[in-house]
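Next come the chains, spelled out residue by residue.
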Protein chains: 2
Amino acid sequence: MGLTKADIFSKEQNRLAMLLKAMAHPARIAILQRIMISNTCICGDLVGELGLAQATISQHLKELKSIGLIKGSIKGTSVCYCIDPDTWKVLESTLQDFLANYKGETICCQ
Amino acid sequence: MGLTKADIFSKEQNRLAMLLKAMAHPARIAILQRIMISNTCICGDLVGELGLAQATISQHLKELKSIGLIKGSIKGTSVCYCIDPDTWKVLESTLQDFLANYKGETICCQ
DNA sequence: ATAATCAATCGTAATATTGCAATATACAAT
DNA sequence: ATTGTATATTGCAATATTACGATTGATTAT
């Protein structure tokens, strides 16, 4: 069907899945890395750096923005993006909680 | 096009994106949580616990298995799954490296 | 051997994603 | 006002994902 049955899962499960999905593309990984590494907002340089068309990058930025991972603000002629600290904190703690469920290697499944 | 241009990104970016994509579905989050919390392999109980059809769950398990996040072994009449510790370690460290790029709030984009 | 049980696979329908050309919008500089 | 520059949106084609009924394969119990 291509339609996720979101209603049978918890809010937290859906939220984490959506955050991961927003990051689950090499172009969006690259964009996030670029923004993080520059340690400031990044304005327009993305097109040309990644080998993707302007329309495509704009679309990826929109996706990251709509989930709240980044935020943009107009800076003169161009638009600047940076990590949204609030969502980022949620992401970090949610991921940590998720990964913490793993208690280490078990003796089954050998 | 629906076809990711994997060749223009690094091996690491593609690998992380694929791992995240494998987890980026509430059903697969739920499955992983269930396996982790039980702290042992989990055999067949998944169908009926999540509200999805057997074929659907089998498909999600296959996806998790094909990326290496879980592994399965036949145990009598049913099949058991558990976290694959090797891939899990890679996931944890890759994620940590990725998140560590974030240096905290900046003074731009206000 | 036959029936029962469990999981994998196949086939298919509905929907989502990816990518880009073309176009539109917004603003600055002339 | 017009031109140039930067970003967003639209429309579309190709491909991928999600879900499940039906079937198949494998194993156990009778």
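Residues numbered from 1 in each chain as written. Chains lettered and ligands numbered in written order. Predicted model: local features only at pLDDT ≥ 70, side-chain atom pairs only at ≥ 80, totals over all residues.

1. So, the overall build of chain A
At step 1: The number of helices and strands found in chain A is five helices and three strands.
At step 2: Along chain A, helices (α) and strands (β) appear in the sequence α-α-β-α-α-β-β-α when read from the amino end.
At step 3: The C-alpha atoms of chain A give a radius of gyration of 17 Å, which is well past the 13 Å a tight globule of 110 residues would have.
At step 4: Dimensions along the principal axes, computed over C-alpha positions, put chain A at roughly 55 × 35 × 30 Å.
At step 5: In chain A, which comprises 110 residues, the proportion classed as buried is 31%.
At step 6: Once local pairs closer than 6 in sequence are excluded, the contacts in chain A between residues at least 24 apart make up 51%. (Helix = DSSP H or I, 4+ residues; strand = E, 2+ residues; numbered from the N terminus. Rg over C-alpha atoms; globule rule 2.2 N^0.38 Å. Buried ≥ 20, exposed ≤ 12 C-beta atoms within 10 Å, placed from the backbone. Contact = placed C-beta atoms within 7 Å.)

2. Side note on the protein's contact with DNA strand D
At step 1: Within the structure, DNA strand D sits among 30 residues, and G2, G44 and S78 of chain A together with G2 and A55 of chain B are positioned closest to it.
At step 2: Contributions of two or more residues to the surface near DNA strand D are made by α4 (54–67) and β3 (78–83) of chain A together with α4 (54–67) of chain B.
At step 3: Sorting elements by how many residues they give to the surface near DNA strand D places α4 of chain A first, with six residues.
At step 4: Residue composition of the surface near DNA strand D, grouped by class: 13 nonpolar, 15 polar and two charged. (Near = placed C-beta within 6 Å. Nonpolar A, V, L, I, M, F, W, Y, C, P; charged D, E, K, R; others polar.)

3. Digging into the environment of P85 of chain A
At step 1: Looking at the element boundaries, P85 of chain A is found in helix α5 (residues 85–100).
At step 2: Through-space distance from the C-alpha of P85 of chain A to that of I70 of chain A is 8.3 Å; in sequence the pair is 15 residues apart.

4. Quick notes on the interface of chain A and chain B
At step 1: Contact with chain A, which involves 43 residues of that partner, is made by 42 residues of chain B.
At step 2: Counting residues per element, the ones that place at least two in the side of chain A that touches chain B are α1 (11–23), α2 (26–38), β2 (70–75), β3 and α5 of chain A.
At step 3: Class assignment for the residues of the side of chain A that touches chain B results in 26 nonpolar, 11 polar and six charged.

5. Focus: the protein's contact with DNA strand C
At step 1: Around DNA strand C, the surrounding shell holds 30 residues, and the nearest of these are G2 and A55 of chain A together with G2, G44 and A55 of chain B.
At step 2: Taken together, the elements giving at least two residues each to the surface near DNA strand C come down to α4 of chain A together with α4 and β3 (78–83) of chain B.
At step 3: At six residues, the largest contribution of residues to the surface near DNA strand C is made by α4 of chain B.
At step 4: Classifying every residue of the surface near DNA strand C gives 13 nonpolar, 15 polar and two charged.

6. Considerations on the sheet that holds β3 of chain A
Residues and elements named next belong to chain A.
At step 1: A sheet is described by the order of its strands in space; here three strands give the open sequence β1-β3-β2, paired in antiparallel fashion. Among the strands making up the open sheet, the edge pair consists of β1 (42–43) and β2.
At step 2: As paired elements, β1 and β3 share two bridges and run antiparallel to each other. Each bridged residue has a counterpart across the sheet, and for I42 the counterpart in β3 is Y81. (Pairing = 2+ DSSP bridges.)

7. Re the sheet that holds β3 of chain B
Residues and elements named next belong to chain B.
At step 1: The strand order across the open sheet formed by three strands is β1-β3-β2, and the pairing between neighbours is antiparallel. Single-partner strands in this sheet number two, and they are β1 (42–43) and β2 (70–75).
At step 2: Examined bridge by bridge, β2 and β3 share six bridges and lie antiparallel to one another. Pairing of I74 across the sheet is with V79, part of β3.

8. Considering the relation of the copies chain A and chain B
At step 1: Under the fitted operation, chain A is carried onto chain B by 0.0 Å of movement along the axis and a turn of 180°, and the coordinates agree to an RMSD of 0.1 Å. Both copies of the chain, as the preceding transformation shows, are related through a two-fold rotation axis.
At step 2: When you check the interface residues of chain A against chain B, 95% turn up at the interface there too, and the contact is symmetric in its surfaces. (Least-squares fit on C-alpha atoms with pLDDT ≥ 70 in both.)

9. Comments concerning the confidence of the model for chain A
As a note on interpretation, predicted positions should not be read in detail where pLDDT is low.
At step 1: Overall, the predicted model of chain A reaches an average pLDDT of 91, with 98% of residues at or above 70.
At step 2: In the model of chain A, β1 of chain A stands out as the element of lowest mean pLDDT, 78, in contrast to α1 of chain A, which has the highest, 98. (pLDDT = per-residue confidence, 0-100.)

10. Here we look at α2 of chain A
Residue and element names in this part refer to chain A.
At step 1: Compared with the 18 Å implied by 1.5 Å per residue over 13 residues, the 18 Å span of α2 between its first and last C-alpha is a close match.
At step 2: The complete set of buried residues in α2 reads P26, A27, R28, I29, A30, I31, L32 and I35.
At step 3: Backbone geometry just downstream of α2 places N39 in the positive-phi region, at approximately 55°. (Expected span 1.5 Å × (residues − 1).)

11. As for helix α1 (residues 11–23) of chain B
At step 1: Taking 1.5 Å per residue, 13 residues should reach 18 Å; α1 of chain B reaches 19 Å between its end C-alpha atoms and fits that length.
At step 2: Residues L16, A17, L19, L20, A22 and M23 of chain B constitute the buried set of α1 of chain B.
At step 3: Check the buried side of α1 of chain B and you find it contacts α1 and α2 of chain A together with α2 (26–38), α4 and α5 (85–100) of chain B.

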